[in-house]
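Listed below, chain by chain, are the residues.
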Amino acid sequence: MTKPRLWITRRLSDATLERAARDYDVVINHGDLPGTADEIIAASAEYDAIIPCHSEHFSADVVAQFSDRLKIVANHSVGVDHCDLPALKARGIAVTNTPDVLSDATAEIAMLLMLGAARLAVSGDRIVRSGAWDSWSPAFMVGKQVTGARLGIIGMGRVGRAFAAKARGFEMEIHYFNRTPLSQEQAHGAIYHDSIESVLAVSDFLSLHCPATPETTNLMNADRFAMLPEGAVVVNTARGALVDEDALLDALKSGRLAAAGLDCFKAEPGGNPAFAAHDTIFMLPHIGSATRQTRDAMGFRALDNLDAFFSGKTPGDLL
């Protein structure tokens, strides 16, 4: 029986590539550069399936130029804002993602960013690393305490709930906004708010865990930063589109925000060059899910979806 032909657009984990090579006629992009629009269009005529990352963009214009061979796009990501889902559906192309398996890894990065931003990690590392640490006083490197503080979470999906679970270890009082309230079993005492504005007003720390959609673009803008308590800390491990970056800088300069922890940016790769001048911004290069365990799990989840599809079953993560 002929194996389905599969294009893997990036260098996935070794275990994932080994399994893919066993079960599919696979072509792997060992060069590990993002697939271009032309490459994606060409692939639609050469492959039955594609496993892309969020670095490949399936816009309506790209999808309109597809041939009829491609049957499924099995994303190696939870977020699918790089895919025009209606356009793909109109062409009869199945789309899946990889939820659940990266929740803890991403929540760990959110915790790292929250702690690092609150406790002045950028300045502290620079002072020690440069050899400039030559004194100490009670007024030296005084940051913001996390333990017992109020944490606001926007988006209580899998990652938001995983982050809340970790924050409880710091005895934080957890408030959240979500499209619908969680059950008591899922909430674990977290306090529901029926508006974003209500959460902002009580958030000593604010963490974003919602998807990027037209409705959530620039969700955190100048007006909403102004609603936070003075000296708040904002963390974003979701998508860069959620934050108006100019407004974030203004809020830091004014003192409305004490610090920010960011793992994602509007421009990726690269980030925002203006952020580099501010030690109050603790930054990472979009590595929320970057653990060996999680990378294997994401790759296997994408392959599980392909296996189901090509065996005539409905993939578990069909969107």
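You'll find the structure just up there.
Residues numbered from 1 in each chain as written. Predicted model: local features only at pLDDT ≥ 70, side-chain atom pairs only at ≥ 80, totals over all residues. Heavy atoms only, no water.

Caption draft 1: Geometry of the overall build of the chain. Along the chain, the regular secondary structure elements total 12 helices and 12 strands. Expected size for 319 residues packed as a compact globule is a radius of gyration near 20 Å; at 21 Å, the chain falls within 12% of this value. Oriented by its inertia axes, the alpha-carbon framework of the chain measures out at about 70 × 50 × 35 Å. For the chain, contacts bridging at least 24 residues in sequence account for 60% of all contacts bridging at least 6. Summed over all atoms, the accessible surface of the chain reaches about 15,200 Å², with 53% contributed by carbon and sulfur. (Helix = DSSP H or I, 4+ residues; strand = E, 2+ residues; numbered from the N terminus. Rg over C-alpha atoms; globule rule 2.2 N^0.38 Å. Contact = heavy atoms within 4.5 Å. Areas by Shrake-Rupley, 256 points an atom, 1.4 Å probe, with all protein chains shown as cover.)

Caption draft 2: Representation of the pairing of strand 9 (residues 205–208) in the model. With burial as the criterion, each face of strand 9 is covered, one bearing Phe205 and Ser207 and the other bearing Leu206 and Leu208. One ladder, built from 4 bridges, connects strand 6 (residues 150–154) with strand 9; its direction is parallel. Counted as the bridge partner of Ile154 is Leu208 from strand 9. Two strands pair when backbone bridges link them, and strand 9 and strand 10 (residues 232–236) are joined in this way by 4 bridges, in the parallel orientation. Pairing of Leu206 across the sheet is with Val234, part of strand 10. (Buried < 20%, exposed > 50% of the residue type's maximum accessible area, 1.4 Å probe, protein only. Pairing = 2+ DSSP bridges.)

Caption draft 3: Structural view of the sheet that holds strand 12 (residues 281–283). Strand order in the open sheet formed by 7 strands is 8-7-6-9-10-11-12, and the pairing between neighbours is parallel. Each edge of the sheet is formed by a strand with only one pairing partner; in this case those strands are strand 8 (191–193) and strand 12. When strand polarity is set aside, the average angle formed by the axes of neighbouring strands in this sheet is 20 degrees. Pairing geometry for strand 7 (residues 173–177) and strand 8, over 3 bridges, is parallel. Looking at strand 8, one finds that Phe177 is bridged to His193. (Axes fitted to C-alpha atoms, helices over the stretch in contact; angles between N-to-C directions.)

Caption draft 4: Structural view of the packing of helix 5 (residues 103–118) against helix 7 (residues 158–168). With their axes 8 Å apart at the nearest point, helix 5 and helix 7 run at an angle of 55 degrees to one another. Classified by the angle their axes make, helix 5 and helix 7 are oblique. Crossing of helix 5 against helix 7: the hand is right-handed. Packed against helix 5, whose contacting residues are Ser103, Asp104, Thr106, Ala107, Glu108, Ala110, Met111 and Met114, the element helix 7 presents Arg158, Val159, Ala162, Phe163, Lys166 and Ala167 at the interface. (Parallel < 35°, antiparallel > 145°, perpendicular 65-115°, else oblique. Left-handed = near helix turned anticlockwise from the far one by under 90°.)

Caption draft 5: Looking closely at the packing of helix 1 (residues 14–23) against helix 12 (residues 292–310). Viewed as axis vectors pointing N to C, helix 1 and helix 12 meet at an angle of 20 degrees, and their least axial separation amounts to 8 Å. If you check the angle between helix 1 and helix 12, you find them roughly parallel. Pair helix 1 / helix 12 crosses with right-handed handedness. Counted together, Ala15, Thr16, Arg19 and Ala20 of helix 1 and Arg295, Asp296, Gly299, Phe300, Leu303, Asp304 and Asp307 of helix 12 form the full contact between these two elements.

Caption draft 6: How the structure looks around the side chain of His209. In this fold, His209 is placed in the loop between strand 9 and helix 10 (222–225). Looking at His209, its side chain comes within polar contact range of the side chain of Ser207, at 2.7 Å. Dropping the residues within four chain positions of it, His209 is found in contact with Ala110, Ile153, Ile154, Gly155, Val159, Gly160, Phe163, Thr237 and Ala238. (Polar contact = N/O pair within 3.5 Å; in protein donor to acceptor, adjacent residues only side chain to side chain.)

Caption draft 7: Highlighting the pattern of salt bridges. Tallied over the full model, the rule gives 17 salt bridges. In this structure, Lys166 and Asp104 form a salt bridge, with 2.9 Å as the shortest nitrogen-oxygen distance. With a gap of 62 residues between them, Lys166 in helix 7 and Asp104 in helix 5 connect regions that are remote in the sequence. Assessed through its relative accessible area of 45%, Asp104 is described here as partly exposed. A salt bridge links Arg126 to Asp279; the nearest nitrogen and oxygen atoms lie 2.4 Å apart. With a gap of 153 residues between them, Arg126 in helix 6 (residues 121–129) and Asp279 in the loop between strand 11 (257–262) and strand 12 connect regions that are remote in the sequence. Look at Asp279 and you get partly exposed, because its relative accessible area is 27%. Linked through salt bridges whose partners overlap, the residues forming this network are Asp100, Arg158, Arg301 and Asp317. (Salt bridge = Lys/Arg side-chain N within 4 Å of Asp/Glu carboxyl O.)

Caption draft 8: The packing of aromatic side chains, seen in detail. Counted according to the given criterion, the structure contains 6 aromatic pairs. Considering the side-chain rings of Trp7 and Tyr47, the 6.1 Å spacing of their centres and the 20 degrees angle between planes classify their relative orientation as stacked. Highlighted residues: Trp7 in strand 1 (residues 5–8) and Tyr47 in the loop between helix 2 (37–46) and strand 3 (49–51), separated in sequence by 40 residues. Take Tyr47: its relative accessible area is 6%, and that puts it in the buried class. Summarising the aromatic geometry, the rings of Tyr176 and Tyr192 are spaced 5.4 Å apart at their centres and angled 55 degrees between planes, so their arrangement reads as tilted. (Phe/Tyr/Trp six-rings, centres within 6.5 Å; stacked < 30°, edge-to-face > 60°.)

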